[in-house]
Amino acid sequence: KAGVTQTPRYLIKTRGQQVTLSCSPISGHRSVSWYQQTPGQGLQFLFEYFSETQRNKGNFPGRFSGRQFSNSRSEMNVSTLELGDSALYLCASRKTGTSSTDTQYFGPGTRLTVL
Amino acid sequence: QQPVQSPQAVILREGEDAVINCSSSKALYSVHWYRQKHGEAPIFLMILLKGGEQKGHDKISASFNEKKQQSSLYLTASQLSYSGTYFCGTRTGGGADGLTFGKGTHLIIQP
C-alpha cells in the first residue's frame, strides 16, 4: 500500500507570497492532519480534516488554512509568508479520525524556506 | 500543553540500553511514540492506551503510568539503526484530537 505523499518536497518563497502544499493520504484513510516542524518549537499541530471538515485547529494565525477534498486529499495554504514560516510541513493520515487507537502515518514533508 | 521529554539527548555505545521519558501535566488517554531520522518522516513505533498493557516489539518496548501521566520508551541492546530523534505524541481525549508532541529526544548510537 502506498504511503502518505506530499508535494512539492521543497519550496522556496519570498516574504509576502503565499504557498499551497498538497497531501495525499494512504488509500482508505479519511483523516488528514498537518503539522509544522521547526528546530525551536518541534512538531506543532496545525489542523485536522475529516470528511472534508476541519475538526481541530492548533494555535496558529489565520494565515494558515487548509481544506480536504472528497477523495480525502488535502491542501494547506499559507498566505502572506513570514520568515518564521520556514519549516518542515508534515502531513499525517489515519483511518477514521474517531478512534484514539488509530495509528497516524506521516508523509515525508515539504521543506518550505521563506527568504 | 506540550508533554515534556527527557533526556533531551543521549549518546550510547552499540549494545547499551536507553530509557526515554514523556511526562504530561494533563490526564492522558493515549501516548504515541515515533522515531525520526534526519530528513525523513517520523516513523510510528507504538501506541499505549490508558488502562492498556506495556507494549513492545523486538528490543523496543514502552510503558504507561496513568497515575503519573508518564510514558517511558525502553531500548535494549541498542543497534546503530536506533539512532534518531524520538518523539512522544499525546492525546488527552477521544480520537478526534490532534497529537501534541514533545520536543524530542536525540539518540546517537556509536559503534
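Enquirer: Residue-level account of the sheet that holds strand S3 (residues 19-24) of chain A, with values.
Expert: Residues and elements named next belong to chain A. Sheet architecture is open: four strands sit in the order S1-S3-S8-S7, paired in antiparallel fashion. Two strands lie at the open edges of the sheet, namely strand S1 (5-7) and strand S7 (64-68), each paired on one side alone. Each adjacent strand pair in this sheet contributes to an overall mean axis angle of 20°, direction not counted. Two elements, S3 and strand S8 (residues 74-78), share five bridges in a ladder whose sense is antiparallel. Following the sheet pairing, Ser-22 is matched in S8 by Glu-75.

Enquirer: Describe the environment of Ser-33 of chain A, naming the residues involved and giving the relevant values.
Expert: All names here are of chain A. Position of Ser-33 among the secondary structure elements: in strand S4 (residues 31-38). Owing to a relative accessible area of 0%, Ser-33 belongs among the buried residues under this scheme. C-alpha separation for the pair Ser-33 and Ala-92, spaced 59 residues apart in sequence, amounts to 5.1 Å. In this view, Ser-33 contacts Phe-45, Phe-47, Glu-48, Leu-90, Cys-91, Ala-92 and Gln-104; residues no more than four positions away in its chain are not counted.

Enquirer: Break down the environment of Gly-102 of chain B for me, with residues and values.
Expert: All names here are of chain B. Relative to the helices and strands, Gly-102 is located in the loop between strand S10 (100-101) and strand S11 (105-110). Taking the C-alpha atoms as reference points, Gly-102 and Ile-47, separated by 55 residues in sequence, lie 15 Å from one another. If we skip the residues at most four places from it in the chain, Gly-102 touches Gln-2, Pro-3, Gln-5, Phe-87 and Cys-88.

Enquirer: So what about the pattern of salt bridges? Which residues, and what values?
Expert: Residues and elements named next belong to chain A. One pass over the full model with this rule turns up five salt bridges over all chains. One salt bridge connects Arg-94 with Glu-48, and the closest N-O pair in it is separated by 3.0 Å. Taken together, the positions of Arg-94 in strand S9 (residues 87-94) and Glu-48 in strand S5 (residues 42-50) put the pair 46 residues apart, joining distant regions of the chain. Since its relative accessible area comes to 0%, Glu-48 is described here as buried. For Arg-73, the salt bridge is made with Glu-75, and the minimal N-O distance between the two is 3.5 Å. On the basis of relative accessibility, which here comes to 24%, the residue Arg-73 falls in the partly exposed class. For Glu-75, a relative accessible area of 16% puts it in the buried group.

Enquirer: So what about the packing of aromatic side chains? Which residues, and what values?
Expert: With the rule as written, the count across this model stands at 10 aromatic pairs over all chains. Relative to Phe-106 of chain A, the ring of Tyr-35 of chain A has its centre 5.5 Å away and its plane inclined at 50°; by these criteria the two rings are tilted. Of this pair, Tyr-35 of chain A sits in strand S4 while Phe-106 of chain A sits in strand S10 (residues 105-106), placing them 71 residues apart in sequence. You can call Phe-106 of chain A buried: its relative accessible area is 8%. With 6.4 Å between their ring centres and 85° between their planes, Phe-87 of chain B and Phe-101 of chain B make a pair best called edge-to-face. Residue Phe-87 of chain B is found in strand S9 (residues 84-91), and its partner Phe-101 of chain B is found in strand S10; the two are separated by 14 residues along the sequence. The rings of Tyr-35, Phe-45 and Phe-106 of chain A together with Tyr-34, Phe-44, Phe-87 and Phe-101 of chain B are connected pair by pair, giving a single aromatic cluster.

Enquirer: Could you give me a rundown of the nonpolar core, with the residues and numbers involved?
Expert: Counting 21 residues, the largest nonpolar core has Trp-34, Leu-46, Phe-64, Met-76 and Tyr-89 of chain A as the members making the most contacts within it. Mapped by element, the contributors of at least two residues to this core are S3, S4, S5, S8, S9 and strand S11 (110-114) of chain A. Met-46, Ala-62, Phe-64 and Ile-109 of chain B belong to the second-largest nonpolar core, a separate cluster that totals 20 residues.

Enquirer: Before we move on, can you summarise the state of the cysteines with the specific residues and values?
Expert: A covalent bond between the sulfur atoms of two cysteines is referred to as a disulfide. Following the criterion strictly, the structure yields two disulfides over all chains and no others. A sulfur-sulfur separation of 1.7 Å characterises the disulfide bridge that pairs Cys-23 of chain A with Cys-91 of chain A. Given an S-S torsion of about -55°, the disulfide between Cys-23 of chain A and Cys-91 of chain A has left-handed geometry. Residue Cys-23 of chain A is found in strand S3, and its partner Cys-91 of chain A is found in strand S9; the two are separated by 68 residues along the sequence. Residue classification places Cys-23 of chain A among the buried positions, given a relative accessible area of 0%. What makes Cys-91 of chain A buried here is its relative accessible area of 0%. Two residues share a disulfide in this structure: Cys-22 of chain B and Cys-88 of chain B, whose sulfurs sit 2.0 Å from each other. Measuring the twist about the S-S bond at about 75°, one finds the Cys-22 of chain B-Cys-88 of chain B disulfide to be right-handed. Placement of Cys-22 of chain B in strand S3 (residues 18-23) and of Cys-88 of chain B in strand S9 is noted, with a sequence separation of 66 residues between them.

Definitions and cut-offs
- Residues numbered from 1 in each chain as written.
- Chains lettered and ligands numbered in written order.
- Predicted model: local features only at pLDDT ≥ 70, side-chain atom pairs only at ≥ 80, totals over all residues.
- Heavy atoms only, no water.
- Pairing = 2+ DSSP bridges.
- Helix = DSSP H or I, 4+ residues; strand = E, 2+ residues; numbered from the N terminus.
- Axes fitted to C-alpha atoms, helices over the stretch in contact; angles between N-to-C directions.
- Buried < 20%, exposed > 50% of the residue type's maximum accessible area, 1.4 Å probe, protein only.
- Contact = heavy atoms within 4.5 Å.
- Salt bridge = Lys/Arg side-chain N within 4 Å of Asp/Glu carboxyl O.
- Phe/Tyr/Trp six-rings, centres within 6.5 Å; stacked < 30°, edge-to-face > 60°.
- Core = buried A, V, L, I, M, F, W, Y, C linked by side-chain atoms within 4.5 Å.
- Disulfide = S-S within 2.5 Å.

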